[in-house]
Amino acid sequence: MACGGEIMADFAERTRKLVPGVVTVLVGASLLAVGHNAVAVPGAHDIAVQYGFRELPIELPPGYEDRPMKDVREVNPEFHRIRSWISSVGAGIALNDLTGHGRANSLCIVDPRTDEVIVTPAPTAPEEDRFAPFLLDPAPLPVGRAMAPTGCTPGDFNADGRADLLVSYWGRTPVLYLAKESAERVELASYRPTELVPQVTQDGDYHGPKWHTNAVTVGDLAGNGRPDIIIGNYFPDSDVLDPQGQNNVSMNDSLSRALNGGGNHVLRWRSGSAGEEPEVSYVQEDAAIPHLAANGWTLGLSNADMTGDGLPEVYIANDFGHDFMLHNTSTPDRIRFAPVLGTRTPTTPKSFVLGKDSFKGMGVDFADVDRNGSFDMAVSNITTAWGLEESHFLWVNDAAEPKAQAEAMGGGKALFTQRGQELATAWSGWGWDIKMGDFANTGNLDVVQTTGFVKGDTDRWPWLQELAMSNEMLVSNPVMWPTLQPGDDISGHEAPAFFARGRHEEQFVNITGELGLGVHHPSRGIAMGDSTRSGALDLAIARQWGPPSFYANTAPDRGGYLTLHLYRPVDRPNTGLTGPGSPAYGATVTARTPDGRQQVSQLDGGSGHGGKRSFDVHFGFGDYTGPVELTLCWRDLDGRLHEQTTTVDQGDRTLYLTSTAQEVPVR
């Protein structure tokens, strides 16, 4: 026995000493596999021939390109050593209908090179939708040197049928640009700047909260047909961009479970009015999100109704910590959310459990990836080969019907499985914004993603990897972070990813190089929409410290399609910038074809990281071009939930949603 025990002890010791080597081999093999996955695209050419994009020049304000262009921000002295890191976000882009003509062909661009917000026609806009490009100016509202715009979200915030613009910032609360009743064309004078969060100033300077916003989502959260808002902040309130600011800044207090960020602010719509001085009022719902879910370092937000009750759930994508899935339990006069979690099995990695990941969430989008009539979620993380090997998430909805998801969420659970690796969307690089759409109308969704961090000539990944192994008690101190200055590079030469599904619905393949989208420069925001009402989704991309791009869809043989424009009618003359109606926030649509296929989509009021798609609800059907059965679900302005099933011909359709859904002629 004793001899046998010594032998076993010796074997155990030898095995223990082999573990590090075995682990190294396994890790190396996994890195090789991921690195290979990032570059190998079997069948890419055959898939790519279905698609086509042509880059068109974006018209900028006169003299804009002659203005001084920055490539790094001025920051708080405590952040000077890592100012390239602090300067790594802020580019944004949105595509929507600002003219009121029912076509999503106006762009709102946030350019960090000048810290300006540009409003301009899309290159595809016809003459009647064109206007002179201009810069948004928040005057007379106070904006100081320690502030910078970070995002632009179009929407009808005062419910008058005219498109407004919500601009978010680092260093202050957001500004709303409300369209005036007499406005006849899109220009600066047509908008009244107003505070989203009311402020008081005696000296003309800004003295309000110093929010650092990187994500915005807009939807009917309270269930009354109005646009409620969630603002996702990154840094806590502090002097991040003030080179003469106080020593009051900090970094995340953990690399995997940080809860000292700026967090999330929920604003419930209260009232709105039109006129020459249009107004809108919001109430801050401080208790809407439980404390532990409301204080992360948020980079992405999105919402969609997962349970069929007309109240959208919310996904929060957080850097340095858990993402959160929030079940909506709101009433019309109170917004409330409850975090829900996935279920872990013996074979499930911890970070593949919904709400338990430790990855670096950057962006999120809801769509029906597997075409079964339920919303799935795509989430960006960091997946740079030989850098930081996390995984992008593709959370597939396992609920057989919304009722099953509702029952699970009522018990604190969420029925999702992470299938990014299985479907081959798991790796692309340092991910940011992510959007899903059917760009060739094949009936299968494509996944588009911006990537890249800081561009330079000297690779600093080894320094960042050292930080990843440091004591977490030290990382909140900026002094402990590795230097990152102009000229340093971390994942700075990555191109956006365009994942398309194979012809036989096998795994996705990244075909960005074949499509001519492979610009190797850090990109941030994605905007998409049918700007020509021809059934073709166009694509626009915002880049950090680089010019934005617009890609017109030139796919040669697009399949059948249905594009829906969903409005609530407004009691206003249909003149000037007044559109066909107010967007039907919260409306979801399930489309079915005779062969039994079905897809669900929604009017997206604004979601993601740095980009905002149009309000169009778009479906592709491949070879099928016949009538489509639709089930529409929406709430009216009194909070009543409506559902209607109808059949429509394919093409471009405009519907009014009141107590019924009724098709109306295009203006």
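This structure is a prediction, so every number in the text was calculated from the model and none was measured. (Residues numbered from 1 in each chain as written. Predicted model: local features only at pLDDT ≥ 70, side-chain atom pairs only at ≥ 80, totals over all residues. Heavy atoms only, no water.)

Draft legend 1. The arrangement of the overall build of the protein chain in detail. When helices and strands are counted, the protein chain shows six helices and 42 strands. On C-alpha atoms alone, the protein chain measures out to a radius of gyration of 24 Å, which is about the 26 Å that the 2.2 N^0.38 rule sets for 667 residues. By its C-alpha atoms, the protein chain is 95 × 65 × 45 Å across when sized along the principal axes. The 667 residues of the protein chain split such that 62% are buried. Long-range contacts, defined here as pairs at least 24 residues apart, represent 65% of the contacts in the protein chain between residues at least 6 apart. Accessible surface computed for the protein chain: about 25100 Å², of which carbon and sulfur atoms make up 53%. Taken as two groups, the 52 positive and 84 negative side-chain charges of the protein chain have centres that lie 2 Å from each other. (Helix = DSSP H or I, 4+ residues; strand = E, 2+ residues; numbered from the N terminus. Rg over C-alpha atoms; globule rule 2.2 N^0.38 Å. Buried < 20%, exposed > 50% of the residue type's maximum accessible area, 1.4 Å probe, protein only. Contact = heavy atoms within 4.5 Å. Areas by Shrake-Rupley, 256 points an atom, 1.4 Å probe, with all protein chains shown as cover. Lys, Arg positive; Asp, Glu negative; His and termini not counted. Charge placed at Lys NZ, Arg CZ, Asp CG, Glu CD.)

Draft legend 2. Main features of the UniProt feature "domain: ASPIC/UnbV" (unreviewed entry) in the protein chain. In this numbering, the UniProt entry assigns the feature "domain: ASPIC/UnbV" (unreviewed entry) to residues 584–636. Within the segment residues 584–636, helix and strand shares are 0% and 49% respectively, and the terminal C-alpha atoms sit 9 Å apart. (UniProt positions renumbered as here; feature names shortened; annotations may be inferred.)

Draft legend 3. Here's a closer look at a nonpolar patch on the surface. A contiguous nonpolar patch, built from Met 473, Leu 474, Val 479 and Met 480 and spanning about 410 Å² of accessible area, is present on the exposed surface. The topology assignment puts Met 480 in the loop between helix H6 (461–468) and strand E27 (488–489). Under the relative-accessibility criterion, Met 480 is labelled partly exposed at 42%. (Patch = residues over 30% accessible without salt bridge, like charges linked within 9 Å, V, L, I, M, F, W, Y side chains within 5 Å. Salt bridge = Lys/Arg side-chain N within 4 Å of Asp/Glu carboxyl O.)

Draft legend 4. Structural detail: the sheet that holds strand E17 (residues 337–340). With antiparallel pairing, four strands are arranged side by side in an open sheet as E14-E15-E16-E17. Pairing within the sheet leaves two strands with one partner each, and these edge strands are strand E14 (297–304) and E17. Averaged over all pairs of adjacent strands, the angle between their axes in this sheet comes to 30°, without regard to strand direction. By the bridge criterion, three bridges tie strand E15 (residues 313–319) to strand E16 (residues 324–328) in an arrangement that is antiparallel. Each residue of the ladder has a partner; that of Tyr 315, found in E16, is Met 325. (Pairing = 2+ DSSP bridges. Axes fitted to C-alpha atoms, helices over the stretch in contact; angles between N-to-C directions.)

Draft legend 5. The environment of Asp 111, seen in detail. Structurally, the position occupied by Asp 111 is in strand E3 (residues 106–111). Among the residues examined, Asp 111 registers a relative accessible area of 3% and is labelled buried. Placed 533 residues apart in sequence, Asp 111 and Gln 644 show a C-alpha to C-alpha distance of 43 Å. Once you skip the residues sitting within four places of it in the chain, Asp 111 turns out to touch Tyr 64, Glu 116 and Ile 118.

Draft legend 6. Broad picture of the pattern of salt bridges. Scanning all chains against the criterion turns up 27 salt bridges. With a shortest N-O distance of 2.6 Å, Glu 285 and Arg 268 are connected by a salt bridge. Placement of the pair is Glu 285 in the loop between strand E13 (279–284) and E14 and Arg 268 in strand E12 (residues 263–273), with a sequence separation of 17 residues. Each of the two residues, Glu 285 as well as Arg 268, counts as buried. The closest approach of N and O atoms between Asp 365 and Arg 613, which form a salt bridge, is 2.9 Å. Placement of the pair is Asp 365 in strand E18 (residues 363–367) and Arg 613 in the loop between strand E37 (611–612) and strand E38 (617–622), with a sequence separation of 248 residues. The residues Asp 365 and Arg 613 share a single accessibility class, namely buried. By sharing partners, the salt bridges in this structure join Lys 70, Arg 73 and Asp 115 into a single network.

Draft legend 7. Representation of a positive patch on the surface within the structure. A surface patch of like charges, here positive, comprises Arg 344, Lys 350, Lys 356 and Lys 413. Accessibility expressed as a relative area gives 51% for Arg 344, which makes it exposed.

Draft legend 8. The side chain of Gln 544, seen in detail. Its location among the elements puts Gln 544 in the loop between strand E31 (538–543) and strand E32 (546–553). The exposure class assigned to Gln 544 is buried, which follows from its relative accessible area of 2%. Looking at Gln 544, its side chain comes within polar contact range of the main-chain oxygen of Val 89, at 3.0 Å. Dropping the residues within four chain positions of it, Gln 544 is found in contact with Ser 87, Ser 88, Val 89, Gly 90, Ala 91, Pro 112, His 521, Pro 522, Ser 523 and Arg 524. (Polar contact = N/O pair within 3.5 Å; in protein donor to acceptor, adjacent residues only side chain to side chain.)

Draft legend 9. Inspection of H6 at higher detail. Restricting attention to buried positions, one finds in H6 the residues Trp 461, Leu 464 and Leu 467. All buried residues of H6 fall inside an arc of 115° around its axis, so they share one side. Looking at the buried residues of H6, the elements they touch are helix H3 (83–86), strand E20 (383–384), strand E21 (388–389), strand E26 (458–459) and E27. (Arc of directions from axis to C-beta.)

Draft legend 10. Structural context of the confidence of the model for the protein chain. Per-residue confidence for the protein chain gives a mean pLDDT of 93; residues scoring 70 or more make up 93%. Considering only residues more than four positions removed or in separate chains, one finds that residues 1–40, a stretch of pLDDT under 50, has seven contacts. (pLDDT = per-residue confidence, 0-100.)

Draft legend 11. Structural detail: the domain arrangement of the protein chain. Split by domain assignment, the protein chain resolves into domain 1 (63–551) and domain 2 (560–661). Facing the 81 residues of domain 1 at the interface are 50 residues of domain 2. Across the domain 1/domain 2 interface, buried area totals approximately 4700 Å², and carbon plus sulfur atoms make up 49% of it. Among the residues of domain 1 in contact with domain 2, Arg 371, Asn 441 and Arg 533 are the three that bury the most area, contributing 11% of the side total. There are two salt bridges connecting domain 1 and domain 2. For Arg 533, the salt bridge goes to Asp 652, with nearest N and O atoms at 2.3 Å. (Domains from an automatic or database assignment. Buried area = accessible area lost by both parts, 1.4 Å probe.)

Draft legend 12. Structural detail: the state of the cysteines. In the structure shown here, the tally under the stated rule is one disulfide. Two residues share a disulfide in this structure: Cys 108 and Cys 152, whose sulfurs sit 2.1 Å from each other. The disulfide joining Cys 108 to Cys 152 has a torsion of about 95° about its S-S bond and is therefore right-handed. A residue pair is termed long-range when its members are at least 10 positions apart, and Cys 108 in strand E3 and Cys 152 in strand E6 (residues 148–155) qualify at 44 residues. An identical accessibility class is assigned to Cys 108 and Cys 152; each is buried. (Disulfide = S-S within 2.5 Å.)

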